[in-house]
Amino acid sequence: MILRLVSSPDWVRLSFGADMVLGFSSGVFLKGALNTTINLLQYYPDGCKANCSYCGQAREVANGPECKTLIRVEWPLRPLNEVLKRIYERQGNPQYGLQRICVGQLAHPRASPDAIEITRRIREAGIELQISELVTATYTFKHHMIEMRKVGADMIDVAIDAANEKVFEELRGKKARSMHSWKRYLEAIDEAVEVFGKKNAGIHLIIGLGETEEDAVNLMWYAHSRGAKISLFAFYPEAGTPMEKKKPVPVHVYRRMQIARWLIENDIVDINAFKFDDKGELIDIEMPSDITLDEVAPAFMTSGCPGCNRPYSNERPGRVLKNIPWYLNREMTLRSIKASRLESLIKKVVR
């Protein structure tokens, strides 16, 4: 039984992959993938205050702090001091390949002050890895972001997750008996860019929550036009949540969104290049004819902060990888395209 005195910032949860890298848990990654980011998540005795319909940490799903799962894996609770000691010992060692630490927030009144303190302690421990803040906009404001940057964070992401206001309100807002606001999250994107600078701030976007492909492309374009980078995630149902029976996003749909993100973020096309049918499905892209397969290959890799590859966070190990966690060569790219049964649009784009 966990004592109520155990809490962030002195204690944090680690993703199971990070827990293995730091030697708390045993295990190896399939195909020798490296987990290049240490993902930290806050812990509070009264749990997360939000009630997002797809999340294992949701207030009505977790029923307090004892819920261990997020993106379908355990997040063991560890003392921060020991975590930082082990990161320090492993940084710079190519065996581990560590590049970044992500300080993840719960929806909690203490989230931002504690994220600032955790970040401060990371730097005081002599750790030189890059640091990202993954923030809950409901409890994180511009003055918090300024402090996060002052104490050592170099990047920040606003976890908006949903692609439009309707889906957001149904899954994260009042209709889900939760407190998050679409308007506040849009405001936070601009605040993050203002504080951290263009391309050092970004959004998390989950594909497959109920949006159309047109919705997703429009939000990606909006974020890019505001100076924010885009971290794409593929929806996969979490057991015990209201969305546990919803099917994962089809691979071919996710591949289209990966292509769209890559084109947008590399300023190859503008929003007018994307053509949709009356159901909001992407059916064509007006794009330069000289783009090669080698150029397109990075579109299928994990997107987001540099050094964050999140192996197997979007699917079960052994299945078709939606976010590929290692650098691709031509053969690997062709294999991933074939396995995903891409539709004609993507075959044309990556001919």
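The structure this text deals with has already been given above.
Residues numbered from 1 in each chain as written. Predicted model: local features only at pLDDT ≥ 70, side-chain atom pairs only at ≥ 80, totals over all residues. Heavy atoms only, no water.

A. A look at helix α4 (residues 111-124). If you check α4, its first and last C-alpha atoms are 20 Å apart, about what 14 residues at 1.5 Å a residue would give, namely 20 Å. Looking at the buried positions of α4, the neighbouring elements they touch are β1 (11-14), β2 (37-42), α3 (80-90), β6 (100-104), β7 (130-135) and α5 (142-150). G126 sits one or two residues past α4 and shows a positive phi near 85 degrees. (Helix = DSSP H or I, 4+ residues; strand = E, 2+ residues; numbered from the N terminus. Expected span 1.5 Å × (residues − 1). Contact = heavy atoms within 4.5 Å.)

B. Inspection of the environment of A223 at higher detail. Positionally, A223 belongs in helix α8 (residues 213-225). Dropping the residues within four chain positions of it, A223 is found in contact with I203, A228 and I230.

C. Quick peek at the pairing of strand β12 (residues 282-285). Bridging between strand β11 (residues 274-276) and β12 involves three bridges; their strand directions are antiparallel. By the bridge assignment, F276 is partnered in β12 with L282. (Pairing = 2+ DSSP bridges.)

D. Here's a closer look at the layout of surface pockets. Of the voids in this model, the second largest pocket is the one considered here, and its volume is about 750 Å³. Broken down by secondary-structure element, the contributors of at least two residues to the lining of the second largest pocket are β10 (229-234) and α9 (251-265). With three residues, α9 is the largest single contributor of residues to the lining of the second largest pocket. Its residues assigned to classes, the lining of the second largest pocket shows 15 nonpolar, 11 polar and five charged. (1 Å grid on protein atoms, 1.4 Å probe; cavity = no way out; pocket = protein on both sides within 12 Å on 5 of 7 lines; lining within 4 Å. Points joined across faces, edges and corners; volume = space filled by probe spheres on them. Nonpolar A, V, L, I, M, F, W, Y, C, P; charged D, E, K, R; others polar.)

E. View of the pairing of β10. With respect to burial, β10 is a largely interior element, six of its six residues being buried. Neither face of β10 is left uncovered, since the one carrying K229, S231 and F233 and the one carrying I230, L232 and A234 both have all their residues buried. Alignment of strand β9 (residues 201-207) against β10, held across six bridges, turns out to be parallel. Across the sheet, the residue bridging to I206 is F233, located in β10. (Buried < 20%, exposed > 50% of the residue type's maximum accessible area, 1.4 Å probe, protein only.)

F. The packing of aromatic side chains, seen in detail. All told, the structure shown has two aromatic pairs when counted by the stated rule. An angle of 70 degrees between the planes, with centres 5.6 Å apart, marks the rings of F168 and W182 as edge-to-face. One end of the pair, F168, is in helix α6 (residues 165-171); the other, W182, is in helix α7 (residues 182-196), with 14 residues separating them in the sequence. We classify W182 as buried; its relative accessible area is 11%. A network of ring pairs unites the aromatic residues F168, W182 and Y185 as a single cluster. (Phe/Tyr/Trp six-rings, centres within 6.5 Å; stacked < 30°, edge-to-face > 60°.)

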